[in-house]
Amino acid sequence: MFGGIVNLFRRLFGLRLDKAVNNKNETSCLYKGYTIYAKPQKEGVQWLTAGVISKTDDMIVKEHKFVRADFHSNRDTAIEFSISKGQQIIDLEGEKIFK
């Protein structure tokens, strides 16, 4: 199911995942030297967009957690949107997210 959603987002929004990892407990994506972890949060019957962006510099791991007020009806959609939102944050803010 994850692959089908990825392909849909690629066609609709030009989403590019450099490398995606998906297992039951964790979905991550390598993007422009950063790792984005989708960590959607369950809120009642819906899922909230959330994740962690990390980067390792000189053996120091930097992390930026994000939560957005975007709700989704299922976890798979929330995962995809969390990855997309992480990419957008990286594109807009870059290294500034760690300050």
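Refer to the preceding data block for the structure.
The structure reproduced in this document is the subject of the present report. The model shown is predicted, which means the values in this text are computed figures rather than measured ones.

Some thoughts on helix H2 (residues 75–93)
Here comes step 1: Under the 1.5 Å per step criterion, the end-to-end length of H2 is 26 Å for 19 residues, consistent within 8% with the ideal 27 Å.
Here comes step 2: Taken residue by residue, H2 has Ala 78, Ile 79, Glu 80, Ser 82, Ile 83, Lys 85, Gly 86, Gln 87, Ile 89 and Ile 90 as its buried positions.
Here comes step 3: Residue Asn 74 occupies the N-cap position of H2, its side-chain oxygen lying 3.2 Å from the main-chain nitrogen of Asp 76.
Here comes step 4: Taken from the residues just after H2, Gly 94 is the one with a positive phi, measuring 55°.

Notes on unusual backbone geometry
Here comes step 1: Phi is positive for Lys 32, close to 55°, though the residue is something other than glycine.
Here comes step 2: Along the chain, the position of Lys 32 falls in the loop between strand S2 (27–31) and strand S3 (34–38).

Overview of the packing of aromatic side chains
Two aromatic rings, taken as a pair, are described by how far apart their centres are and by the angle between their planes.
Here comes step 1: Here the structure, examined in full by the defined rule, presents one aromatic pair.
Here comes step 2: Seen in terms of ring centroids, Tyr 34 and Phe 98 are 6.2 Å apart; in terms of plane orientation they differ by 20°. Their pairing is stacked. Of the two residues, Tyr 34 is situated in strand S3 and Phe 98 in the segment after H2; the sequence distance between them amounts to 64 residues.
Here comes step 3: The ring of Tyr 34 is capped by Lys 55, whose NZ or CZ atom sits 4.6 Å from the centre of that ring.

Criteria and cut-off values
- Residues numbered from 1 in each chain as written.
- Predicted model: local features only at pLDDT ≥ 70, side-chain atom pairs only at ≥ 80, totals over all residues.
- Heavy atoms only, no water.
- Helix = DSSP H or I, 4+ residues; strand = E, 2+ residues; numbered from the N terminus.
- Expected span 1.5 Å × (residues − 1).
- Buried < 20%, exposed > 50% of the residue type's maximum accessible area, 1.4 Å probe, protein only.
- Polar contact = N/O pair within 3.5 Å; in protein donor to acceptor, adjacent residues only side chain to side chain.
- Phe/Tyr/Trp six-rings, centres within 6.5 Å; stacked < 30°, edge-to-face > 60°.
- Lys NZ or Arg CZ within 6 Å of the ring centre and 35° of its normal.

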